[in-house]
Structures are given as structure tokens and as C-alpha cells.
Amino acid sequence: LLFLDVNNLISKYLSWSFRTSYSMLFIVFALFYFGFILVFALVYYGISVGYPMCINSNGSMIGHGEGVRIFGDCFHLSWTTFSTVGYGLIFPATGSSEFFVPNGCVGVGVLGSFEAFMGVVYADFCATILFGKVLRTQNNAQVFFSDPIVVRFGKKELVEEETKQEYDEELGGLIM
């Protein structure tokens, strides 16, 4: 991982994203989206198993209550944080919670802030790629040439009519 050339990977990904179809691009966007969420959910899960008081789930420590699904809560926390929706049902515990919260739980809040930042960066990255792809598609103009019609422009078109006639005589009457 230390010898990974990130610039080269991003360059190859960008090149691929402009050559692939829109549907494939959206599938890849979704896979990366859920991959990021899953990684953060696993980190939250590891924290919640060791320090359940650091994550607040519906007003109590995560994992306490009837029918609790700790990983489901961690996944919910992750996707609401990554997408910056933040419903507020599950959140990092603070000192204002109804139960004791150790000082070490501040790291969960920092992790949540980092995840939200990564979510915004990822959304911007996807939007930029999509915008570039659409713009590139619109700029691929198809030009057809025809022998009977010649379109000219330039300095010769801006000169006086007498000069045009002289130029026409030089070309042998090709200008109409």
C-alpha cells in the first residue's frame, strides 16, 4: 500500500470513466459508495463492541434495548454520516448523554467528522466526473464535408469588395 502510485490510479480511473457507459459508471459509483459506507460501519462496529457508551442509539448506549442489531445501527450511522443526511437517531455520544461518556469517545465524533468530509469529497468527485463526461459527450460534434459547398472565413472575408474580386480572379473565379 505504501508503494501504490495514487496519481496513476486516479488517472487510469478518470480515463476509464470517460470511455465507459453511463450505466457502468453509475454502478461503479454505487459500489464505491457502499464500499466506503461499509468500511466506516465496520470501524463503528469495532468501536461499539469495545466501547458501547461512545455511540448513542435512540437515547441509550448502542446495543442496549429490545431487538438490537448493533451492525445495523452502525451501518445506519455510517450512511447517514457519509451522505451528510444525519437523521440524528444514532450519533456519537457526548457529555450531554444520560449515561457516563469517557473522554476517549471524542474520537468517534472526530471519525464522524472525517467520514462526513470524505462523503462530501466523494460526492464532488462523482459530480465532477459526470459533468466532464456529459460535457465531453456534447463536444463531440459530427462534421460532414461536401464538395459543392466551400465555407471560408478569415481575414480575406473582412476586406473590401474590390479586394475580394481581385482574389477571385487570382483563383480563377472559384469564389461566388
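Along each chain, residues carry numbers from 1 onward, in the same order as the chain's sequence is written. Owing to the predicted nature of the model, reporting of local features is limited to residues with pLDDT of at least 70; listing and counting of side-chain atom pairs is limited to 80 or more, with chain, interface and lining totals taken over all residues. Calculated side-chain values reflect all of the structure's heavy atoms, with hydrogen atoms and water omitted.

The predictor reports its confidence for every residue as pLDDT, a score running from 0 up to 100. When pLDDT is averaged along the protein chain, the result is 79, and 73% of the positions lie at 70 or above. At the level of individual helices and strands, the protein chain shows its lowest average pLDDT in helix α5 (residues 161-171), which scores 64, and its highest in helix α2 (residues 22-50), which scores 94. Every helix listed is a DSSP run of H or I at least four residues long, and every strand listed is a run of E at least two residues long, numbered separately from the N terminus.

Before going further, it helps to examine the nonpolar core. We call a set of buried Ala, Val, Leu, Ile, Met, Phe, Trp, Tyr and Cys residues a nonpolar core when their side-chain atoms join them within 4.5 Å. We call a residue buried when its accessible area falls under 20% of the maximum for its residue type, exposed when it is over 50%, and partly exposed in between, using a 1.4 Å probe and counting protein chains only. Core analysis: the largest hydrophobic core is formed by 11 residues, namely Phe40, Tyr44, Cys54, Ile55, Ile62, Cys74, Leu77, Ile90, Cys105, Val108 and Leu111. Contributing elements (two or more residues each) for this core: α2, α3 (70-82) and α4 (106-138). Ignoring anything within four residues of it in the chain, the contact list for isoleucine 90 reads Ile55, Asn56, Ser57, Asp73, His76 and Leu77. Core analysis: the second largest hydrophobic core is formed by nine residues, Val28, Phe29, Ile37 and Cys126 among them. Two residues form a contact once any of their heavy atoms are found within 4.5 Å.

To continue, consider a nonpolar patch on the surface. Surface patches are defined over residues having more than 30% relative accessible area and no salt bridge, joining like charges when they lie within 9 Å and nonpolar side chains (Val, Leu, Ile, Met, Phe, Trp, Tyr) when within 5 Å. Here the accessible surface of atoms and residues is derived via Shrake-Rupley with a 1.4 Å probe, and residues count as covered only by protein chains that are part of the display. Whenever a carboxyl oxygen of Asp or Glu lies within 4 Å of a side-chain nitrogen of Lys or Arg, that contact is scored as a salt bridge. Side chains of Leu4, Val6, Leu9, Ile10 and Phe125 sit close together on the surface and give an oily, nonpolar patch of about 410 Å² of accessible area. For the nonpolar patch, the leading source of residues is helix α1 (residues 6-19), giving three residues. Mapping leucine 9 onto the fold places it in helix α1.

Before going further, it helps to spend a moment on the state of the cysteines. Pairs of cysteine sulfur atoms within 2.5 Å are identified as disulfides in what follows. In the structure shown here, the tally under the stated rule is one disulfide. Paired through a disulfide, cysteine 54 and cysteine 105 show a sulfur-sulfur distance of 1.9 Å. Given an S-S torsion of about -70°, the disulfide between cysteine 54 and cysteine 105 has left-handed geometry. One end of the pair, cysteine 54, is in the loop between α2 and β1 (55-57); the other, cysteine 105, is in the loop between β3 (90-92) and α4, with 51 residues separating them in the sequence. Both residues of the pair, cysteine 54 and cysteine 105, belong to the buried class.

Before going further, it helps to examine the packing of aromatic side chains. Pairing of aromatic rings covers Phe, Tyr and Trp, the last counted by its six-membered ring, and requires centre-to-centre distances within 6.5 Å; plane angles under 30 degrees mean stacked, over 60 mean edge-to-face, and any other angle means tilted. In total, this model carries 13 aromatic pairs according to the counting rule given. Here the aromatic rings of tyrosine 33 and phenylalanine 34 are separated by 5.3 Å at their centres, their planes lie at 80°, and the arrangement is edge-to-face. On the basis of relative accessible area, phenylalanine 34 is assigned to the partly exposed category, the value being 46%. Ring geometry for phenylalanine 36 versus tyrosine 122: centroids 5.4 Å apart, planes at 70°, classification edge-to-face. In this pair, phenylalanine 36 is assigned in helix α2 and tyrosine 122 in helix α4, connecting sequence segments 86 residues apart. An aromatic cluster of three or more residues is present, and its members are Tyr13, Trp16, Phe32, Tyr33, Phe34, Phe36, Phe82, Tyr122 and Phe125. We call a charge positioned over a ring when the NZ of a Lys or the CZ of an Arg lies within 6 Å of the ring centre and within 35 degrees of the ring normal. It is lysine 133 that lies over the ring of tyrosine 22; its NZ or CZ is 4.9 Å from the centre.

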